[in-house]
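# Descriptive analysis of the structure
Listed below, chain by chain, are the residues.
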Amino acid sequence: MNLCQRRQTSCGACCGLYNREDLSRESVRAELERRTLALARVPRTPEAFRVAARTLAADGPAPLFPSVRICPLLGFLDAGGERVGCLGHPKATGGADLRDCGAYDVLTCDAFLCPSHAWLTEEEAEIAATATGDFHLYGLVITDVPFLRAALDGVAARTGARVLLRHLAHPPFRAALERLLALKEELAPGSDGLFGAFRPGRDGEPVPRRIDYDALGRPASPHDEILTCVGADPRSGNDLDTLESEVRERLDACARAFPTGGTTRR
Ligand code: SF4
Ligand code: SF4
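Notes on the structure in this doc start here. (Residues numbered from 1 in each chain as written. Chains lettered and ligands numbered in written order. Predicted model: local features only at pLDDT ≥ 70, side-chain atom pairs only at ≥ 80, totals over all residues. Heavy atoms only, no water.)

## Examining the side chain of T143
Selection rule: Under the DSSP-based scheme used, a helix requires at least four consecutive residues in state H or I and a strand at least two consecutive residues in state E, with every element numbered from the N terminus. Each residue is assigned to one of three classes by its accessible area relative to the maximum for its type, calculated with a 1.4 Å probe on protein chains only: buried under 20%, partly exposed between the two thresholds, exposed over 50%.
Inspection of the secondary structure puts T143 in the loop between helix 7 (135–142) and helix 8 (145–159). The class for T143 is buried, based on a relative accessible area of 10%.

## Details of the packing of aromatic side chains
For any pair of aromatic rings, the description consists of the separation of the ring centres together with the inter-plane angle of the planes. Worth spelling out the cut-off: The rule is short: rings of Phe, Tyr and Trp, with Trp giving its six-membered ring, pair when the centres are within 6.5 Å, and they are stacked under 30 degrees, edge-to-face over 60, tilted in between.
Taken as a whole and judged by the stated rule, the model has two aromatic pairs. Geometrically, the ring pair formed by F76 and F135 is edge-to-face, given 5.5 Å between the ring centres and 80 degrees between the ring planes. Linking F76 in strand 1 (residues 74–76) with F135 in helix 7, this pair joins segments that are 59 residues apart in sequence. When sorted by exposure, F76 lands in the same class as F135, which is buried. Seen from their ring centres, F173 and F258 are 5.1 Å apart, and the 90 degrees between their planes marks the pair as edge-to-face. Highlighted residues: F173 in helix 9 (residues 171–181) and F258 in the segment after helix 13 (240–257), separated in sequence by 85 residues. Residue F173 is classed as buried on the basis of its relative accessible area, which comes to 0%.

## Quick look at the site of ligand 1
Put simply, the test is: Residue proximity to a molecule or strand is established when one non-hydrogen atom of the residue lies within 4 Å of it. Residues are called lining when one of their atoms sits within 4 Å of a cavity or pocket point, these points coming from a 1 Å grid over the protein atoms alone, where a cavity is a set in which a 1.4 Å probe fits but cannot get out and a pocket is an open set with protein on both sides within 12 Å along at least five of seven lines. Assignment of a molecule to a cavity or pocket requires that more than half of its atoms lie within 2 Å of the corresponding grid points. All amino acids are sorted into three groups, where Ala, Val, Leu, Ile, Met, Phe, Trp, Tyr, Cys and Pro are nonpolar, Asp, Glu, Lys and Arg are charged, and the leftover types, Gly among them, are polar.
Every residue near ligand 1 is listed here: L3, C4, C11, A13, C14, C114, H117 and T143. The cavity that encloses ligand 1 is the largest pocket. When grouped by side-chain class, the residues that make up the shell around ligand 1 number six nonpolar, two polar and no charged.

Written as structure tokens, this is what we have:
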């Protein structure tokens, strides 16, 4: 299974795509376009790519997490600016492998697969790619397995039917599911909900996320699983009540748009 380059879209999260204060689609896109344009004029040699990468990195956005690298070789692979990917990869350069000129080295880039590869099923990956449909949202969702599963479970709890890829062939449901998943794009900068998948504990396993309802003086939300995944608490800079009502409304919309007939009951 390849989560990085899918038929519908692609991801650049581990190359540092989201490691910036301003995560808006417009700003992220502008940075990718800047790199793509600049690198298109650079000779395909390690020397020239190294110099270009250094310049691009120096002029790029400051990292939100300084310990996480941002690779200046991540850009758009297509003329339309829809497919994000590595501009130092031999398939992008036309032959030379220039990934050593980026934030890591060829071996690291070649070998790395994020934990989602081990956890997600092919069906879940296809649902995420089909529902999101663009690199910005896809990368945020595909790297957060608990969030994707919580969202799909939330829909299933309302409809009584597991969400399957074929349900996304119904455009109103696909759009409603995209809106639910788009919660990931609407969170405060630096929120746990954005980067939760990258917070390992001492044993390397993800640290469980938890909303401290006692401290907030209110009972647990029936949507706790999704809210926990998006970091819906003051610690993350997000407003719990606002996000809770958004989750409820978007789940309701998914249930209303869910295709009837021929569904698989749980
Ligand atoms: S974060 Fe995962 S899916 Fe995204 S590019 Fe990296 S390895 Fe691929
Ligand atoms: S060189 Fe490595 S880190 Fe940089 S964009 Fe390519 S794959 Fe990502």
